[in-house]
Structure formats: structure tokens, C-alpha cells
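Overview (structure and organization)
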Amino acid sequence: MSTTDTDLATSGEAEAPRFRMPHIYVILFVFTAFAAVLTHFVPAGLFDRVTLPNGRIAVDPDSFRYVASDPVGLVDFMLAIPRGLGDASVVVFFTFIIGGMFTVIRRTGLIEVAVDKLTRRFAERSILVIPVLMVVFAVIATLIGTQELALVYVPVILPLMIALRFDSVTAAGVALLATTAGFTAGVLNPVNTGLGQTIAELPLWSGLGLRAALFACILAAGVAYLVRYALRVRANPETGLMAGDAAEADKRRRYLHATDEGALTYTPRQRLAGITTLVFFAILIWGVLAQGWFMMEMSGLFILMGIAVGLVGGLKTDQICEAFNEGFRDVLVGAMIVGIARAVAVVLEQGQIMDTLVHGLGQLVGGFPEVFSAIGMFIAQLGFNFVIPSGSGQALVTMPIMAPLSDLIGVTRQTAVLAFQLGDGLSNILYPTSGYFMATLAIAGVTWDRWVRFFFPLFCIWVGIGAVFMIFAQMTQWNG
């Protein structure tokens, strides 16, 4: 072999491609296919559904029965993703509308001026922005339980994090870690704590003290972890998970150029647009807290908000429409992921093995030694959250089984509710079947595999903290 051939061979060996995580579409398609295969081997089963006093539909824990198998065939598998998109349509369109609305606001110049002013104000203490924002977002989540607000936070804080010389992972972390810490602990959260305690027939908001301690521990760990990452990125951007990413470079150029030519100031129309934006956010807070608004109502409000702010800010109707279109394109992947992820649950439900899996998890937990029963509940809820990432949905399916089961295995019902909260909340920002989480990553411009590399060590820390609280609750027979 010639020297040139040897050099080429050596070069080829040196440049051999490393393993790359498959595209998230591929991962979700494989999960959906695996779920379809399971329907051919797992016996079909059903629980009867009952209506709770609050009008919600939950399972009857004593009604499980096996039924004739109805495995998912080729046609049903082919339709799983379209049906998933239909089932998750509210979240899908919520994602589109958020992307469009914030692009309209950006076109008015409001965000650019605000980022310039905040960057100058916090230039010498920029790291303090992270814990302050995280505490605010976490407190909101632990009081009202709307983890999906991370979708709203990310477009607002992303340009600020970039301008302060952090990266998109930092921006996603501020929103996702904070809302997850607050939602999981659920000090006064009606979505997981309130519903779980109602199903378990416990006094509403009982056990507040231990949950407050859990909130403080999880949030402190999250803040410390993210601040450490952010400081490293600011000192050397090449050590960050977004290093070398073309999109990240574009964001830096887009938002930092304002600081190179002197301070920006608001025009009179931009001031009016800013006031209009604040008015709409005040309406949003009122609607969520006082009227029980969720994604459907917020979507409608954001459409009106984009139109009103755009007009007040001086945009023409054609410019507003094109801004919405640009925003739709920016979040297309995230919106599609929401529906594709839902296909996994669609297949399990069509094959009638969802209830079988829930029943099996209950039987598995019941077989744990008493000292490990609480941890077993935690692990079971953590695993089941992969197929039902909705907090209220998981509560209505699993808590009617776990609550009476806890009486039989020496675990208090309060502890059973805590196991549900931890299992549901902590994994909501890990599993790709969590729609709002994947949409948030898409808006932030962070791929799922990069997020996993960032978040998994903290996830392990959070699971360890949760396990300590579960063991304490089991040993003290905590019942609030």
C-alpha cells in the first residue's frame, strides 16, 4: 500500500463517525411500533370507569377483568400517528400559536429593546437572573400547577439568556427545571396534589409541611445545577452543549448586535405595544387563576394578543400574518412531536392493554417487601408516566388503584400520593412522550438528545432526593 493510501486509511479511521442519537421522530416511531407489538403478547384487560363527585372519570379499582384480545393490526398502526395528532390537537395548536404570537411581538422590536436594557442592567451580575427567574416560575407552578407555562416562558427568556452569554440549554433549563420543581412538590397544586388527595380521600392540601421541604430541596438542587452549567458556558462557550451549533450562532448575532451600537430606546408605538402586552398577560393570569383557563382559552387569547400588539406596534396586517407564519414554521417540529408522542398511548388504548399494564404495576408493587413498598410505588409511577405523561390523567388511572393498595401494604395514603407526584413530575421533562416538554425544547432550539445529556445527571439527583423523602415518609408513617 502506498503512503498516500496509508494516510487515507488512517484518516478514514480517525474520522469514523461516532454514534449519533436517532432523530426524535425515529425514536417515537420505534416506541409506537414496540407498543403495537406488545398488544399481540400482553393480555387485554379493562377497568370500569366511574364518575367522581367533581365530575372527572376515574377507574374502579375492583373492576379489572381480562377481555378478548384485540391486537393492533397494520391499518390501526398506520393510523396511530394521525390519531395521536388529533388527540393532542389542543397542545399541537397551542404550540403553533405561541410560536406565531411571539414572532409578531419580536417583529415590533419590543423584545430586542427589552433584551438590550436587561442585558445592560444585569451585565455585572447576570448569573443572578437565573435563580430569580427559577424561584418565580417554581412558585407559580407549585401554586397553580400549570407546568405547561414553560412553553410561554421560553420565548421570553431565550433572547435574554443568549444576550447574557449563556446558551439555549440554559434558557430551556430555567423554564423546565423551575416549573418541574414546583409542579412535582405541588405545595398547593390542584393538578397533582389536589386531585391525588381527592381520589385518595385525604383532606385537601394536608401534608403541606413535608411538601414544602421537598419543594425547597428539589428547587435548590435544580438552581445549583443550572447555575454551575451556565457559569461554565459563559466562561467557555465551547464546553456547552450548543457549541458549534449554527442556530445558536444566529441567535447570538440577532440579539447581541444591539449592544454594539449604543443603548436602544422604545419608540412611542413600542411603548404602547409594551403596555398592550402587559395587559394581555394580566388577563392571562386572571383567566388561569380565576376562570380555570387552560390551553384552549390561552390559545385564543394569544391570537388576539398577537394581532393587537402587532397593530399597536405599527405592523401592517400582511406583516402580522407573515410573522405568524414564520412562528408556525419555527415550532413545526415541536408541534408534530406532540402528536407523534401521543401515538404510543393511542396504540396501547386501542389494543386494550393500558389497563392491563396499570393492573400489573399494582400487583408488582403489592409484592414488594413492606420496607420497600413506598419506593416501589415511586418506581411504578415513574415508569407509568412514560405512557400517560398527563398529571391529571395519570392520577385518574393509577391513584384509584394505588390508594387502596397502600392500605394493604403498610403505606399511608399520603405517601401514595407523594409517590404519584414524584413519579409523574420528575420524568415529565425526560420522556419524549411528554408533549409540552418536547414542544418547549423545539421552541428553545434544543434537541432531545442534547437535553438528555444535560438533564440526566440532575434527574438522578432528583430521584435520589425523592427516594429519601419516600423512605422518610414510610419510616414515620407520614399521614399529614
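Parameters at a glance
- Residues numbered from 1 in each chain as written.
- Predicted model: local features only at pLDDT ≥ 70, side-chain atom pairs only at ≥ 80, totals over all residues.
- Heavy atoms only, no water.
- Helix = DSSP H or I, 4+ residues; strand = E, 2+ residues; numbered from the N terminus.
- Rg over C-alpha atoms; globule rule 2.2 N^0.38 Å.
- Buried < 20%, exposed > 50% of the residue type's maximum accessible area, 1.4 Å probe, protein only.
- Contact = heavy atoms within 4.5 Å.
- Lys, Arg positive; Asp, Glu negative; His and termini not counted.
- Charge placed at Lys NZ, Arg CZ, Asp CG, Glu CD.
- Axes fitted to C-alpha atoms, helices over the stretch in contact; angles between N-to-C directions.
- Parallel < 35°, antiparallel > 145°, perpendicular 65-115°, else oblique.
- Left-handed = near helix turned anticlockwise from the far one by under 90°.
- Nonpolar A, V, L, I, M, F, W, Y, C, P; charged D, E, K, R; others polar.
- pLDDT = per-residue confidence, 0-100.
- Expected span 1.5 Å × (residues − 1).
- Salt bridge = Lys/Arg side-chain N within 4 Å of Asp/Glu carboxyl O.
- Phe/Tyr/Trp six-rings, centres within 6.5 Å; stacked < 30°, edge-to-face > 60°.
- Patch = residues over 30% accessible without salt bridge, like charges linked within 9 Å, V, L, I, M, F, W, Y side chains within 5 Å.
- Areas by Shrake-Rupley, 256 points an atom, 1.4 Å probe, with all protein chains shown as cover.

**With respect to the overall build of the protein**
Summing up its helical and strand segments, the protein has 21 helices and four strands in all. Here the protein has a C-alpha radius of gyration of 24 Å; the compact-globule value for 480 residues is 23 Å, and the two agree. Seen through its C-alpha atoms, the protein measures out along the principal axes to roughly 75 × 70 × 45 Å. Sorting the 480 residues of the protein into buried and exposed places 53% on the buried side. In the protein, of all internal contacts separated by at least 6 residues, the share reaching a separation of at least 24 is 80%. Counting 29 positive and 33 negative side-chain charges, the protein places the averaged centre of each group 9 Å from the other.

**Quick notes on the packing of helix H6 (residues 129–144) against helix H10 (residues 208–235)**
At a closest axis distance of 10 Å, the pairing of H6 and H10 adopts a crossing angle of 150°. The orientation of H6 with respect to H10, classified from their angle, is roughly antiparallel. Read as a crossing pair, H6 and H10 show a hand that is right-handed. For the pair formed by H6 and H10, the contact residues are Ile130, Pro131, Met134, Val135, Ala138, Val139 and Thr142 on the first element and Phe215, Leu219, Gly222, Val223, Leu226, Val227 and Ala230 on the second. Split into classes, the residues belonging to the contact of H6 with H10 amount to twelve nonpolar, two polar and no charged.

**Here we look at the confidence of the model for the protein**
Across the protein, the average pLDDT comes to 86, with 92% of residues at or above 70. Here helix H1 (residues 3–14) stands out as the element of the protein with the lowest mean pLDDT, 46, in contrast to H10, whose mean of 96 is the highest. Taken as a whole, residues 6–16 scores under 50 in pLDDT and shows one contact with residues more than four places along the chain or in a different chain.

**Quick word on helix H7 (residues 150–163)**
The first and last C-alpha atoms of H7 sit 20 Å apart over 14 residues, in line with the 20 Å expected at 1.5 Å per residue. The element H7 is extensively covered by neighbouring structure, given that 13 of its 14 residues are classed as buried. Just downstream of H7 lies arginine 165, where phi reads positive at about 70°.

**What to know about the pattern of salt bridges**
With the rule as written, the count across this model stands at nine salt bridges. As a salt-bridge pair, aspartate 48 and arginine 65 come within 2.9 Å of each other at their nearest N and O atoms. Linking aspartate 48 in the loop between strand E1 (45–46) and strand E2 (49–51) with arginine 65 in strand E4 (residues 65–66), this pair joins segments that are 17 residues apart in sequence. When its relative accessible area of 34% is taken as the criterion, aspartate 48 is described as partly exposed. In this structure, arginine 413 and aspartate 407 form a salt bridge, with 2.7 Å as the shortest nitrogen-oxygen distance. Residue classification places arginine 413 among the buried residues on the basis of a relative accessible area of 18%. Through salt bridges that share partners, Asp87, Arg342 and Glu349 make up one connected network.

**Digging into the environment of isoleucine 307**
Assignment of secondary structure puts isoleucine 307 in helix H13 (residues 295–312). When the C-alpha positions of isoleucine 307 and glycine 207 are compared, they lie 45 Å apart, and in sequence the two are 100 residues distant. Setting aside chain neighbours within four positions, we find isoleucine 307 in contact with Ile320 and Phe324.

**Comments concerning the packing of aromatic side chains**
Applying the stated rule across the entire model yields 19 aromatic pairs. Residues phenylalanine 93 and phenylalanine 96 carry aromatic rings whose centres are separated by 6.4 Å and whose planes lie at 45° to one another, so their mutual orientation is tilted. One end of the pair is phenylalanine 93 and the other is phenylalanine 96, both in helix H4 (residues 89–107) and three residues apart, which spans about a single turn. Counting every residue linked through ring pairs, the aromatic cluster contains Tyr225, Tyr229, Phe437, Trp451, Phe454, Phe455, Phe456, Phe459 and Trp462.

**As for the side chain of threonine 95**
With respect to the secondary-structure elements, threonine 95 resides in helix H4. Contacts of threonine 95, omitting those with residues within four sequence positions, involve Leu151, Val331, Gly334, Ala335, Val338, Ala439 and Ile443.

**Looking at a nonpolar patch on the surface**
Together, Val135, Val139, Leu143, Leu188 and Leu208 give the surface a local cluster of nonpolar side chains, amounting to about 340 Å² of exposed area. Broken down by element, the residue count for the nonpolar patch peaks at three residues, all from H6.

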